[in-house]
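A look at the structure
Chain residues, written in single-letter form:
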Amino acid sequence: LTVSITGATGFIGRRLVQRLHADKHNVRVLTRSKSKAELIFPAREFPGIVIAEEAGWKDCIQGSDGVVNLAGMPISTRWSSEIKKEIKQSRIRVTSKVVSLINDAPDAARPTVLVSATAVGYYGTSETATFDERSPSGNDYLAEVCREWEATALGVNSDVRVALIRIGVVLGKEGGALAKMIPLFMMFAGGPLGSGKQWFSWIHLDDIVNLIYEALINPSYKGVINGTAPNPVTLAELCSRLGAAMGRPSWLPVPDFALKAVLGEGASVVLEGQRVLPARAKELGFSFKYPYVKDALKAILS
Ligand code: NDP
C-alpha cells in the first residue's frame, strides 16, 4: 500500500511509520517541518520514504491508497486560552485540509480509506459510567474538541471508508503520558494520583499501532472504533502496578499539583478519567497483544 500520514513524526506516528516501512508499504510523511522529519526518518534507515511539507501534501495524497490523520498540538501543556484554541484549531485545520485534498483528488487517484485519530475524551469524564462506541458525548472542552474533530473527518466523500479511532492514553517507552509520569513517580515513591478512583483507559503503543494498521487494510473497520485495551484500570491500580513493575512500594499519593506541573491542564485527562471499553474492536476480532496493564507496564519498563 501507499499511505500518507499526518502527525507521522509524533509518538504514535513514528511507530506506525516503522511498522508500515518494515512491511514494505510506501510511506508518505505529511509534516510541517521537512528538516525535523528527515532527522526522525533518515533516508539510510527509511529508503524510499517521501517527506512533504504542506505545499506537497496534495501530490502525496493523490495516488495514496490510504491516509492516516494523527496531527494535533499536544494537549499535555499548560492551557492558556490561546493554547486551548490551538489544541482544537490545529486538529480541525489539518483534518479539513486532508479531507479537501482527498475530496478534490480525481476519482482514479483518490485514497479509499481515511483513518483519523480522535480521543476517549469524546465521552467526557466519569468515575461511575462505562462507555463504548454507542455512548453519547460528554460536555467538557475535550469532548467538544473530539466532536468537531470527528465531524470534520466525516466530511470526506462518501465513497471513502472512514475509521475514527477514539484513542485512550497510549503507554510506551519513548513518550506519551507515562514518560512524564515516571519521574514524578520516582519522586513520590508512587502512590495513587488524586483520589485514585478515577478511570484510566489505556492502550499499549504496539496495540494502537496494530489497530490503525488493521483499520487501513481491513474494510470491516469502519466508523467509530475505541482504541483502548479491554481492561481499563483505576489510577490507584495503575499506580500500584507501576510501583510493582518499578520495584517501588506504592504508598505516598502523588498530589494533583505535581501532576499538573508536568502535564499542565492536560493532566485533567489523567486526573479525571473515563472507563472506555473497546466493544467494536472486540466485535471485529481484533487481538490485543497487551490486554492487561500489568503486562504492558512490564514490557515497557523492562
Ligand atoms: P504527538 O503529540 O506525539 O504528535 C502529533 C504530531 O502532530 C506532531 O508530531 C506534529 O507533526 C503534529 N503537530 C503538533 N503540533 C501541531 C500543530 N500545532 N499544528 C499541526 N500539527 C501539529 O501525538 P501522539 O502521537 O501522541 O498522538 C497522535 C494523535 O492521537 C494526536 O492527535 C493525539 O491528540 C491523539 N491521541 C493521542 C493519545 C496519546 O496518549 N498519545 C491519546 C488520545 C488521542 P509535524 O511536526 O510533523 O507536523
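Attention here is on the structure that accompanies the text.

Conventions used here
Residues numbered from 1 in each chain as written. Predicted model: local features only at pLDDT ≥ 70, side-chain atom pairs only at ≥ 80, totals over all residues. Heavy atoms only, no water. Helix = DSSP H or I, 4+ residues; strand = E, 2+ residues; numbered from the N terminus. Rg over C-alpha atoms; globule rule 2.2 N^0.38 Å. Buried < 20%, exposed > 50% of the residue type's maximum accessible area, 1.4 Å probe, protein only. Contact = heavy atoms within 4.5 Å. Lys, Arg positive; Asp, Glu negative; His and termini not counted. Charge placed at Lys NZ, Arg CZ, Asp CG, Glu CD. Core = buried A, V, L, I, M, F, W, Y, C linked by side-chain atoms within 4.5 Å. Near = heavy atom within 4 Å. Polar contact = N/O pair within 3.5 Å; in protein donor to acceptor, adjacent residues only side chain to side chain. Areas by Shrake-Rupley, 256 points an atom, 1.4 Å probe, with all protein chains shown as cover. Nonpolar A, V, L, I, M, F, W, Y, C, P; charged D, E, K, R; others polar. Axes fitted to C-alpha atoms, helices over the stretch in contact; angles between N-to-C directions. Parallel < 35°, antiparallel > 145°, perpendicular 65-115°, else oblique. Left-handed = near helix turned anticlockwise from the far one by under 90°. Pairing = 2+ DSSP bridges. Phe/Tyr/Trp six-rings, centres within 6.5 Å; stacked < 30°, edge-to-face > 60°. Lys NZ or Arg CZ within 6 Å of the ring centre and 35° of its normal.

Right, let's talk about the overall build of the protein for a bit. The secondary structure content of the protein amounts to 12 helices and 13 strands. Computed over its C-alpha atoms, the radius of gyration of the protein comes to 19 Å, within 12% of the 19 Å expected for a compact globule of 302 residues. C-alpha atoms of the protein, sized along the principal axes, occupy 60 × 45 × 40 Å. Looking at the protein as a whole, 53% of its 302 residues qualify as buried. In the protein, 80% of the contacts between residues at least 6 apart in sequence involve partners at least 24 apart. Counting 35 positive and 29 negative side-chain charges, the protein places the centres of these two groups 4 Å from one another.

Moving on: the nonpolar core. Side chains of nonpolar character tend, in soluble globular proteins, to be buried together. Residues I5, I12, V68, V115, I165 and I208 are the most contacted members of the largest nonpolar core, which totals 39 residues. Looking at this core, the elements with two or more residues in it are strand 1 (2-6), helix 1 (11-22), strand 2 (26-30), helix 2 (34-40), strand 5 (113-119), strand 7 (161-167) and helix 7 (205-217). A total of 8 residues in this core trace back to one element, the largest contributor, which is helix 7. Other than its neighbours up to four places away in sequence, V68 contacts V3, S4, I5, T6, L16, V115, I212 and L216.

The subject of this paragraph is the site of the ligand. Taken together, 26 residues surround the ligand, and among them T9, T31, R32, K36 and R91 come closest. Between the ligand and the protein, one listed contact pairs an oxygen atom with a backbone N or O atom of G10 at 3.1 Å. Contact distances for the ligand include 3.2 Å between a nitrogen atom and a side-chain N or O atom of E86. When the ligand sits alone it has 890 Å² of accessible area, and the protein chains cover 84% of it. Elements with a contribution of two residues or more to the shell around the ligand: helix 1, helix 4 (81-104), strand 5 and strand 8 (169-171). Considering each element in turn, the shell around the ligand owes the most residues, 5 residues, to helix 4. Looking at the shell around the ligand residue by residue, the classes come out as 13 nonpolar, 8 polar and 5 charged.

Let us look at the packing of helix 8 (residues 235-245) against helix 12 (residues 293-301). For the pair helix 8 and helix 12, the least separation of the axes is 10 Å and the interaxial angle reads 40 degrees. With respect to helix 12, the element helix 8 is oriented oblique. In this structure, helix 8 meets helix 12 at a crossing whose hand is right-handed. When helix 8 is examined against helix 12, the residues L238, R241, L242 and A245 are found in contact with a partner set consisting of V293, K294, L297 and L301.

As summarised here, the arrangement of the 7 strands in space is 3-2-1-4-5-7-11, forming an open sheet in which the pairing is parallel. Here the strands that pair on one side only, and so sit at the sheet edges, are strand 3 (50-52) and strand 11 (223-227). In this sheet, adjacent strand axes meet at a mean angle of 20 degrees when their direction is disregarded. Of the strand pairs in this sheet, strand 1 and strand 2 are connected by 5 bridges, and their pairing is parallel. Looking across to strand 2, one finds that S4 is bridged to R28. Its contacts with the sheet place helix 1 against strand 1, strand 2, strand 4 (66-69) and strand 7, and it is angled at close to 170 degrees to strand 1. Here helix 4 sits on the sheet in contact with strand 1, strand 4 and strand 5, set at roughly 170 degrees to strand 4.

On to the packing of aromatic side chains, then. For the structure shown, the criterion picks out 4 aromatic pairs. When the centroid spacing of 5.2 Å and the interplanar angle of 85 degrees are considered together, the rings of F41 and F46 count as edge-to-face. Taking 5.3 Å as the distance between ring centres and 85 degrees as the angle between the ring planes, the aromatic pair formed by Y122 and Y123 counts as edge-to-face. Exposure class is identical for Y122 and Y123. Each is buried. Sitting over the ring of W199, R275 keeps its end group 4.9 Å from the ring centre.

Topologically, Q198 is positioned in the loop between helix 6 (176-187) and strand 9 (199-200). A relative accessible area of 4% means that Q198 is categorised as buried. A polar contact is formed between the side chain of Q198 and the backbone nitrogen of G196, at a distance of 2.9 Å.

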